[in-house]
There are 2 protein chains.
Amino acid sequence: MRVVIIGGGFGGLHAAMRIRGSAAEVTLVDRRNFHLFQPLLYQVATGGLSPGNIAVPLRHILRRHRNVRVLLGEATGFDLERREVKVLASGVPRTLPYDRLVVAAGMRTDYRGNDAWEARAPGLKSVEDAVGLRGRILTAFEAAENALDAAEQDALLTFVVVGGGPTGVELAGALGEIARFTLRREFRSIDPSRARILLVEMGPRVLGGFPERLSAAAARDLARLSVDVRTSTGVKEIAEGTVVLARDGATEVVLARTVVWAAGVRASPLGAMLGAETDRAGRVKVNPDLSLPGRPEIFVIGDLAATGFPGLAPVAMQMGDYVARRILGRAEAAFRYRNRGTMAVIGRAAAVADFGRLRLTGFPAWLAWLFVHLVNLVLFGNKVLVLCQWAWNYLTFGRSARIITDRGRE
Amino acid sequence: MRVVIIGGGFGGLHAAMRIRGSAAEVTLVDRRNFHLFQPLLYQVATGGLSPGNIAVPLRHILRRHRNVRVLLGEATGFDLERREVKVLASGVPRTLPYDRLVVAAGMRTDYRGNDAWEARAPGLKSVEDAVGLRGRILTAFEAAENALDAAEQDALLTFVVVGGGPTGVELAGALGEIARFTLRREFRSIDPSRARILLVEMGPRVLGGFPERLSAAAARDLARLSVDVRTSTGVKEIAEGTVVLARDGATEVVLARTVVWAAGVRASPLGAMLGAETDRAGRVKVNPDLSLPGRPEIFVIGDLAATGFPGLAPVAMQMGDYVARRILGRAEAAFRYRNRGTMAVIGRAAAVADFGRLRLTGFPAWLAWLFVHLVNLVLFGNKVLVLCQWAWNYLTFGRSARIITDRGRE
């Protein structure tokens, strides 16, 4: 049986790892040669970790899975009747026939129709995004140090994070930490702790997916890091150097040189190419067993599947495991998500964690976060190193990977 | 006293660190926000370390030196009569007046008049070079896995390193290790250990600056890693996919998709702007105290100074220390280099080390190399982490930072 899996994120990788045995020949197609631990991307964007700490070559993870072949290439379309995937690999188009197809192509940043904002307010979905953002943040402090005009300095030291979900909260918290602790003593003309960090959320509270008590704790932790949290606030316009906020019909113009977009995602265009019904964000509607309606040989998993489950790594991993078992004929008829908890970290030594009945805040939540992330980095041979790096950062308030590279290159 | 230092490499950084005390106001100008541990750049190019492991923000190193100001900007020229440096900082031109000037602007890759080779055979001087080269090397293996034609596969699996100095030797050794050990089991269509690695050196032996016995040992270690060492061999042409080698009047055409240039450097153009005599590579001729003839207030240090000392990190560091003492009126009238040893590493657990009377090869030399590099990473708060990373790589034959990033970006 030939199984083609598109996407080496949490869902696709787990599916590839679980379809073992010589009965299935698996081909995992990804545009990148590595699996990315996306929940820690904000750590790269803020100089705490290097890309190499959170990205592992797919081939390396799957080297002992002799029935799995990794193909570096881009899926460009499907022939659903002939059961073929069209792939562009090393510049050459080819077709991959399948008996079972797993589509786990994920999501990308979405600007809700304001595509011009992309250049002014980059998102945070790829390693390149993170390294580029790291360069922007650090360059803003450098330019502020060089600036001769006070108003210019203020604009350079104003950072706006749009979107109060986990990514936005974690990023704003890390920015607060950088300004208040990491850069302390490093500048001569500016005081980095003067930096203004705005977190803008359209909904009534940050971390809308968490219980209210945890949202409130997160907001308090953010305030302690001098992050100015603006809830029930929308973004009307992002121009060069200016963000226009709107709340209750009133608008406010914020002069800010660095704006980050963590406010929306839409599905990979591959979702629509499957010809099935999609939701507003382009996610593909699937059967309870994650198969495509009318196409039992095709499965859509991870964020790309419109299932009502949140777009979190554990959901995608469990979907990958489920679909692997389903393909091998060993799974029940409906996917069930076992929620083992969700969490978000806010700067140094504070977090919120929701394990259902157990809800943690502050330092205990942060310890839980650390523990869970280390366990989940198990795929990454180097989790010991990431732990060392974190311990070092924690003890020294340091962020050793604070380097600005050309045109966002590292 | 106003001291301006241009360049935050080994020479400039050491000068900045040693000029302590409120009597001297020091400004360190660099185009990059970080100091780079250049001798380990080949480890980034071959995926063993991340850029963040070998680059540290200059501000961070100098944060407690209250008399030192770091200026992110590019020195563009001098007004030697008015004693001013012209700098472009955050896009704004300015002038920095000085009482003492230290120029430590270093070297860049040189193609001996064949500038067209640059795009085909990149050098290895910057973090961007290293990350770009890492992408090229890994992409070649990926493309070979995808290739349908055997000749195409051979060309993709042929790597030519031009230049048998320490950088070329270390790079070729690391490539041999990747092909033979790191990538083992990771591919399905190709056998990475079939990769052909050529090290081309114009002189009669590799590591020409070392004693002959050590050159011979290095050549043996390289052969053990299947590196094909070609001495007394020149490069006549580098075209897309082809390198033409010349030896004793005979030429050989090698079909290779990846070519690396480690064969020559020339001085930063700032050297010539000082108006003094320069040597063929553009290095500035200096007095025994490293000052510019006729300009006792200007010093040229590091690789940019034509002194007859080798272009090595320890030389530059000692020059920085000397010039700092000289500026403070505490140094003898002539710089003297204390040679504490030179070394080069060849792949995994082999090296050569020349400590004058003590000459080591193989594993003992590798241990010495490891020890010396860790001591020298002392500036880098994270040397413990680099040690962990190395220990991990050593135990697992792994290179965890093997990620291909867009257009060479990480």
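Parameters and conventions
Residues numbered from 1 in each chain as written. Chains lettered and ligands numbered in written order. Predicted model: local features only at pLDDT ≥ 70, side-chain atom pairs only at ≥ 80, totals over all residues. Heavy atoms only, no water. Helix = DSSP H or I, 4+ residues; strand = E, 2+ residues; numbered from the N terminus. Rg over C-alpha atoms; globule rule 2.2 N^0.38 Å. Buried < 20%, exposed > 50% of the residue type's maximum accessible area, 1.4 Å probe, protein only. Contact = heavy atoms within 4.5 Å. Pairing = 2+ DSSP bridges. Axes fitted to C-alpha atoms, helices over the stretch in contact; angles between N-to-C directions. Phe/Tyr/Trp six-rings, centres within 6.5 Å; stacked < 30°, edge-to-face > 60°. Domains from an automatic or database assignment. Buried area = accessible area lost by both parts, 1.4 Å probe. Salt bridge = Lys/Arg side-chain N within 4 Å of Asp/Glu carboxyl O. Polar contact = N/O pair within 3.5 Å; in protein donor to acceptor, adjacent residues only side chain to side chain. Nonpolar A, V, L, I, M, F, W, Y, C, P; charged D, E, K, R; others polar. Parallel < 35°, antiparallel > 145°, perpendicular 65-115°, else oblique. Left-handed = near helix turned anticlockwise from the far one by under 90°. Core = buried A, V, L, I, M, F, W, Y, C linked by side-chain atoms within 4.5 Å. Patch = residues over 30% accessible without salt bridge, like charges linked within 9 Å, V, L, I, M, F, W, Y side chains within 5 Å. Areas by Shrake-Rupley, 256 points an atom, 1.4 Å probe, with all protein chains shown as cover. Lys, Arg positive; Asp, Glu negative; His and termini not counted. Charge placed at Lys NZ, Arg CZ, Asp CG, Glu CD. Right-handed = clockwise from strand over helix to strand, strands pointing away.

## Let's talk about the overall build of chain A
Along chain A, the regular secondary structure elements total 12 helices and 25 strands. Relative to its length of 410 residues, chain A is compact, with a C-alpha radius of gyration of 22 Å against a globular reference of 22 Å. The dimensions of chain A, computed from C-alpha atoms along their principal axes, are 65 × 45 × 45 Å. Burial statistics for chain A: of 410 residues in total, 58% are counted as buried. Long-range pairs, those at least 24 residues apart, make up 62% of the contacts in chain A with a sequence separation of at least 6.

## Re the sheet that holds strand S23 (residues 342–345) of chain B
Residues and elements named next belong to chain B. Taken in spatial order, the three strands line up as S23-S24-S25 in an open sheet, and their pairing is antiparallel. Of all the strands in the sheet, just S23 and strand S25 (358–361) have a single pairing partner and so form its edges. Strand after strand, the sheet turns through a mean of 0° between neighbouring axes, direction not considered. With four bridges joining them, strand S24 (residues 351–355) and S25 adopt antiparallel strand pairing. Looking at S25, one finds that Asp-354 is bridged to Arg-359.

## A look at the sheet that holds strand S21 (residues 295–300) of chain B
All names here are of chain B. The six strands are arranged S5-S2-S1-S9-S21-S20 in an open sheet whose pairing can be described as mixed. The open sheet is flanked by strand S5 (68–72) and strand S20 (291–292), the only strands paired with a single partner. The pairing of strand S1 (residues 2–6) with strand S9 (residues 100–103) spans four bridges and is parallel. Bridged to Ile-6 within S9 is Val-103. Strand contacts of helix H1 (residues 10–18): S1, strand S2 (25–30) and S5, with the helix running at about 155° to S1, the strand carrying the most contacts.

## Let's talk about the packing of aromatic side chains
According to the stated counting rule, one finds 18 aromatic pairs over all chains in the structure shown. One aromatic cluster is present, formed by Phe309(A), Tyr322(A), Phe335(A) and Tyr337(A) through successive ring pairs.

## Notes on the domain arrangement of chain A
All names here are of chain A. Taken domain by domain, chain A holds domain 1 (2–31 + 73–109 + 265–327) and domain 2 (115–263 + 349–408). On the side of domain 2, six residues touch domain 1, which itself brings seven residues to the contact. Carbon and sulfur atoms supply 69% of the area buried between domain 1 and domain 2, which totals about 500 Å² over both sides. Where domain 1 touches domain 2, the interface holds zero salt bridges. Seen at the junction of domain 1 and domain 2, the total is zero residue pairs in polar contact (both at pLDDT 80 or more). Taken together, the elements giving at least two residues each to the side of domain 1 that touches domain 2 come down to helix H1 (10–18) and strand S10 (107–109). Of all the elements, S10 adds the most residues to the side of domain 1 that touches domain 2, at three residues. Partitioned by chemical class, the residues of the side of domain 1 that touches domain 2 number five nonpolar, one polar and one charged.

## Remarks on unusual backbone geometry
Phi angles above zero are rare outside glycine, and Arg112(A) is one such case at about 50°. Structurally, Arg112(A) is set in the loop between S10 and helix H5 (127–146). A relative accessible area of 44% means that Arg112(A) is categorised as partly exposed. At Ser226(B), a residue that is not glycine, the phi angle is positive and equals roughly 65°. Mapping Ser226(B) onto the fold places it in the loop between helix H9 (212–224) and strand S13 (227–230). By relative accessible area, Ser226(B) is classed as partly exposed at 35%.

## Concerning the packing of H1(B) against helix H11 (residues 313–327) of chain B
Any two packed helices are characterised by the angle at which their axes cross and by the distance between the axes. Residues and elements named next belong to chain B. Put simply, H1 and H11 touch, their axes get as near as 7 Å, and they point 30° apart. Taken together, the axes of H1 and H11 lie roughly parallel to each other. Crossing geometry of H1 relative to H11 is assigned as right-handed. Counted together, Phe-10, Gly-11, His-14, Ala-15 and Arg-18 of H1 and Ala-313, Ala-316, Met-317, Gly-320, Asp-321 and Ala-324 of H11 form the full contact between these two elements. Of the residues in the contact of H1 with H11, the class split is six nonpolar, three polar and two charged.

## Some thoughts on the nonpolar core
Core analysis: the largest hydrophobic core is formed by 69 residues, its most contacted members being Phe141(B), Val352(B) and Trp369(B). Counting residues per element, this core draws most heavily on helix H6 (residues 127–146) of chain B, which supplies nine residues. Looking at which domains feed residues into this core, each of domain 1 (2–31 + 73–109 + 265–327) and domain 2 (117–263 + 349–408) of chain B supplies at least three. Of all hydrophobic cores here, the second largest spans 68 residues; its members include Phe34(A), Leu124(A), Leu157(A) and Met343(A).

## Some remarks on the pattern of salt bridges
Residue and element names in this part refer to chain A. Here the structure, examined in full by the defined rule, presents 38 salt bridges over all chains. One salt bridge in this structure joins Arg-326 and Asp-289, with 3.1 Å as the shortest N-O distance. You can see Arg-326 sitting in helix H10 (residues 313–327) and its partner Asp-289 sitting in the loop between strand S19 (284–285) and strand S20 (291–292), a full 37 residues away along the chain. With relative accessibility at 10%, the residue Asp-289 sits in the buried group. The network of salt bridges with shared partners includes Asp-228, Arg-230 and Glu-252.

## Things to note about a positive patch on the surface
Positive charge collects at one region of the surface, where Arg64(A), Arg66(A), Arg184(B) and Arg185(B) lie side by side. By relative accessible area, Arg66(A) is classed as exposed at 53%.

## What about the pairing of strand S12 (residues 196–200) of chain A?
All names here are of chain A. S12 sits mainly inside the fold: four of its five residues count as buried. For strand S11 (residues 158–162) and S12, the ladder comprises five bridges, and the chain directions are parallel. The residue of S12 that forms the bridge with Thr-158 is Arg-196. As a crossover connection, the stretch from S11 through helix H7 (residues 166–182) into S12 is right-handed. As a crossover connection, the stretch from S12 through helix H8 (residues 212–224) into strand S13 (residues 227–230) is right-handed.

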